[in-house]
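Remarks on the overall topology
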Amino acid sequence: MGQGEAKVTAPAFDATVQLFAERQPGQPVDPQCPVRDVLDRIGDKWSTLILGTLATGPHRFSAVQRAIPDISKRMLTQTLRDLERDGLIARTVFPTKPPSVEYRLTHLGVTIFEPLTSLVRWANQSHAAIREARLAFDQAS
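Residues numbered from 1 in each chain as written. Predicted model: local features only at pLDDT ≥ 70, side-chain atom pairs only at ≥ 80, totals over all residues. Heavy atoms only, no water.

Volume-wise, the second largest pocket comes out at about 370 Å³. If you trace the second largest pocket, you find 14 residues lining it, with L39, P115, L116, S118 and L119 closest to the centre. The set of elements that each furnish at least two residues to the lining of the second largest pocket consists of α2 (34-42) and α7 (113-140). Its residues assigned to classes, the lining of the second largest pocket comprises 10 nonpolar, 3 polar and 1 charged. (1 Å grid on protein atoms, 1.4 Å probe; cavity = no way out; pocket = protein on both sides within 12 Å on 5 of 7 lines; lining within 4 Å. Points joined across faces, edges and corners; volume = space filled by probe spheres on them. Helix = DSSP H or I, 4+ residues; strand = E, 2+ residues; numbered from the N terminus. Nonpolar A, V, L, I, M, F, W, Y, C, P; charged D, E, K, R; others polar.)

Spelled out as structure tokens, the structure:
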């Protein structure tokens, strides 16, 4: 094995490798692939941050924006719509003057946190090693 390569033998890893192996070599990835379709949403820059914000309970638009200060109003609006369209969050409009809107996780939205927690844990554990690898790569380039 070359430098940086690791032999991994874990049931979860083996199952994931099997999923990728089912695709025929040289066959293009199907744009309608369910995995790609879902990961495009969850893997974007803002969705995970918004879902994490709503994990603490329902929030109004302005509260979500305060929790994620570097997101623009336009991007927040679009991402909330996309998450609602995907069934991960629900939007409730209250008949006040002016109308107030609240966003909350749906049952489906709550279910994302089991795999997401594993990913966040991995990112926290691996961040230093990734930064070191980047530095080594940049110095070698």
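Below, the discussion takes up the packing of helix α3 (residues 47-54) against helix α5 (residues 73-85). In a pair of packed helices, the angle between the axes and the distance between the axes together describe the arrangement. α5 packs onto α3 with a crossing angle of 75 degrees between their chain directions and a minimal axis gap of 10 Å. Judged by the inter-axis angle, α3 sits roughly perpendicular to α5. Contacts between α3 and α5 involve S47, I50 and L51 on the former and, on the latter, L76, T79, L80 and L83. (Axes fitted to C-alpha atoms, helices over the stretch in contact; angles between N-to-C directions. Parallel < 35°, antiparallel > 145°, perpendicular 65-115°, else oblique. Contact = heavy atoms within 4.5 Å.)

We now examine α7. Here α7 spans 38 Å end to end across 28 residues, near enough to the 40 Å set by a 1.5 Å rise per residue. The sharpest bend along α7 measures roughly 50 degrees and falls at S126. (Expected span 1.5 Å × (residues − 1). Bend = angle between axes of the 7 residues up to and from the residue.)

Read from one edge of the open sheet, 3 strands run β1-β3-β2, paired in antiparallel fashion. Strands with a single pairing partner mark the edges of an open sheet, and in this sheet they are β1 (59-60) and β2 (89-94). (Pairing = 2+ DSSP bridges.)

Looking now at the pattern of salt bridges. Side chains that carry opposite charge are capable of pairing whenever their charged atoms lie near each other. Applying the stated criterion across every chain yields a total of 3 salt bridges. A salt bridge links D82 to R41, with the shortest nitrogen-to-oxygen separation between them at 3.5 Å. Here the residue D82 occupies a position in helix α5, and R41 occupies one in helix α2, the gap between them amounting to 41 residues. Of the two residues, D82 and R41, neither departs from the other in class, the shared state being buried. Overlapping salt bridges bring together R41, D44, D82 and D86 as one network. (Salt bridge = Lys/Arg side-chain N within 4 Å of Asp/Glu carboxyl O. Buried < 20%, exposed > 50% of the residue type's maximum accessible area, 1.4 Å probe, protein only.)

On to the nonpolar core. Counting residues in each nonpolar core, the largest one holds 17 residues, and the members touching the most others are I50, L51, L54 and I89. Here I89 is in contact with L51, L54, L80, L83, E84, Y103, R104, L105 and T106, once residues within four sequence places are set aside. (Core = buried A, V, L, I, M, F, W, Y, C linked by side-chain atoms within 4.5 Å.)

So, about the confidence of the model for the chain. In this model, the chain carries an average pLDDT of 87, and 82% of its residues clear a pLDDT of 70 or more. Summarising per-element confidence for the chain, the mean pLDDT is lowest in helix α1 (residues 11-21) (69) and highest in β1 (98). (pLDDT = per-residue confidence, 0-100.)

Another aspect to go through is unusual backbone geometry. For residues besides glycine, phi is generally negative; the peptide bonds are generally trans as well. Look at the link from K97 to P98: it is a cis peptide, with omega at -10 degrees. Residue placement: P98 occurs in the loop between β2 and β3 (100-105).

A few words on the pairing of β3. Strand direction decides the pairing type here: β1 and β3, joined by 2 bridges, are antiparallel. Its bridge partner lying in β3, R60 is registered against E102. Both β2 and β3 contribute to a ladder of 6 bridges, which runs antiparallel. Across the sheet, residue V93 finds its bridge partner in β3, namely V101. Linking β2 to β3, which pair antiparallel, is a turn of 5 residues.

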